[in-house]
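Observations on chain architecture
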Amino acid sequence: MNKSNIFVYIELSKFFSNLSTDVLVAKQCLKSQAGYFSIITGKYFSDTLRPEWEVLVLEMTRMGPQRDESRRVTGNAVVKTLETMTPQQCAEIVLKIVTLFTKVKLELELTE
């Protein structure tokens, strides 16, 4: 079994440390950390965890980027998608990230 790259562990730990499962602030936390959905790519995860991350990224970018009347990209797809989500949905996304981070951490601890 291959394991996730240490890069993904470090980046997920930074991402994780700036999130909250509190439904009142989860959306804002995700918005301020939206870049992590672009920085972290599936190739850094083990074969076991890659699909979990890729499904999460697809879910978080499903609305596509914000565009102006000339069709130029003016905003991040994650932020645009977050605008359509309820506070509860945002808290659930945070929980998915926390769960994935825990799995990556466990995977790396078990293989040392």
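Look a little higher up for the structure.
Scope of this entry: the structure provided in the associated data block. Model, not experiment: these values are computed from the prediction.

**Some details on the nonpolar core**
Within the largest apolar cluster, 29 residues are counted, with the highest numbers of intra-cluster contacts made by Leu 12, Phe 15, Leu 30, Phe 37, Phe 45, Trp 53 and Ile 97. In terms of residue count, helix α6 (residues 87–110) provides more of this core than any other element does, 9 residues in total. When sequence neighbours within four positions are dropped, the list of residues in contact with Phe 37 reads Phe 15, Leu 30, Trp 53, Leu 56, Val 57, Met 60, Val 78 and Ile 97.

**Describing the packing of aromatic side chains**
Inspection of every chain in the model, using the stated rule, returns 7 aromatic pairs. Summarising the aromatic geometry, the rings of Tyr 9 and Phe 101 are spaced 5.5 Å apart at their centres and angled 15° between planes, so their arrangement reads as stacked. With a gap of 92 residues between them, Tyr 9 in helix α1 (residues 6–17) and Phe 101 in helix α6 connect regions that are remote in the sequence. The class of Tyr 9 is partly exposed, set by a relative accessible area of 23%. Summarising the aromatic geometry, the rings of Phe 37 and Trp 53 are spaced 5.6 Å apart at their centres and angled 10° between planes, so their arrangement reads as stacked. Of the two residues, Phe 37 sits in helix α3 (residues 36–39) while Trp 53 sits in helix α4 (residues 50–60), which places them 16 residues apart along the sequence. One exposure class covers both Phe 37 and Trp 53, and it is buried. Ring pairing ties together the aromatic residues Phe 15, Tyr 36, Phe 37, Phe 45 and Trp 53, which thus form one cluster.

So, how was this worked out
Residues numbered from 1 in each chain as written. Predicted model: local features only at pLDDT ≥ 70, side-chain atom pairs only at ≥ 80, totals over all residues. Heavy atoms only, no water. Core = buried A, V, L, I, M, F, W, Y, C linked by side-chain atoms within 4.5 Å. Buried < 20%, exposed > 50% of the residue type's maximum accessible area, 1.4 Å probe, protein only. Helix = DSSP H or I, 4+ residues; strand = E, 2+ residues; numbered from the N terminus. Contact = heavy atoms within 4.5 Å. Phe/Tyr/Trp six-rings, centres within 6.5 Å; stacked < 30°, edge-to-face > 60°.

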